[in-house]
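# Fold and contact review
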Amino acid sequence: MKSSFGVVPLCFVVACGGSDKSKETVNRDTLTQRQKDSILANSRIPNARAVGRAMKAADSTSAGILRCR
């Protein structure tokens with residue numbers, strides 16, 4: 001019986017003591033996905049140029065769609 005008196009308060013503290021990390025992450029993350037991809041495409045990581053080529057292909061497709069409207 002004595003051991004349960006120590007476990008219950010511990011569980012309560014753990015359940016109520018957490019902070020919302022997702023809000024902090026959103027506030028600190030100021031780069032858009034396109035900016036992150038651009039940085040990656042210009043890095044020296046192997047095959048990073050493929051990201052740049054994919055971005056150019058997506059831009060070309062988007063421009064073609066806008067021309068057809």
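The structure reproduced in this document is the subject of the present report. Here the structure is a predicted model, which means the values were calculated and not measured. (Residues numbered from 1 in each chain as written. Predicted model: local features only at pLDDT ≥ 70, side-chain atom pairs only at ≥ 80, totals over all residues. Heavy atoms only, no water.)

### Observations regarding unusual backbone geometry
Positioned with a positive phi, asparagine 47 is a non-glycine residue whose angle comes to about 65°. Mapped onto the elements of the fold, asparagine 47 is located in the loop between helix H3 (33-41) and helix H4 (49-68). (Helix = DSSP H or I, 4+ residues; strand = E, 2+ residues; numbered from the N terminus.)

### Side note on the environment of serine 43
As for its placement among the helices and strands, serine 43 is situated in the loop between H3 and H4. A distance of 3.5 Å separates the side chain of serine 43 from the backbone nitrogen of isoleucine 45, its partner in a polar contact. (Polar contact = N/O pair within 3.5 Å; in protein donor to acceptor, adjacent residues only side chain to side chain.)

### Side note on the pattern of salt bridges
Enumeration according to the criterion identifies 1 salt bridge in this entry. A salt bridge links aspartate 59 to arginine 34, with the shortest nitrogen-to-oxygen separation between them at 2.7 Å. Here the residue aspartate 59 occupies a position in helix H4, and arginine 34 occupies one in helix H3, the gap between them amounting to 25 residues. Classification of aspartate 59 as partly exposed rests on a relative accessible area of 34%. A relative accessible area of 44% places arginine 34 in the partly exposed class. (Salt bridge = Lys/Arg side-chain N within 4 Å of Asp/Glu carboxyl O. Buried < 20%, exposed > 50% of the residue type's maximum accessible area, 1.4 Å probe, protein only.)

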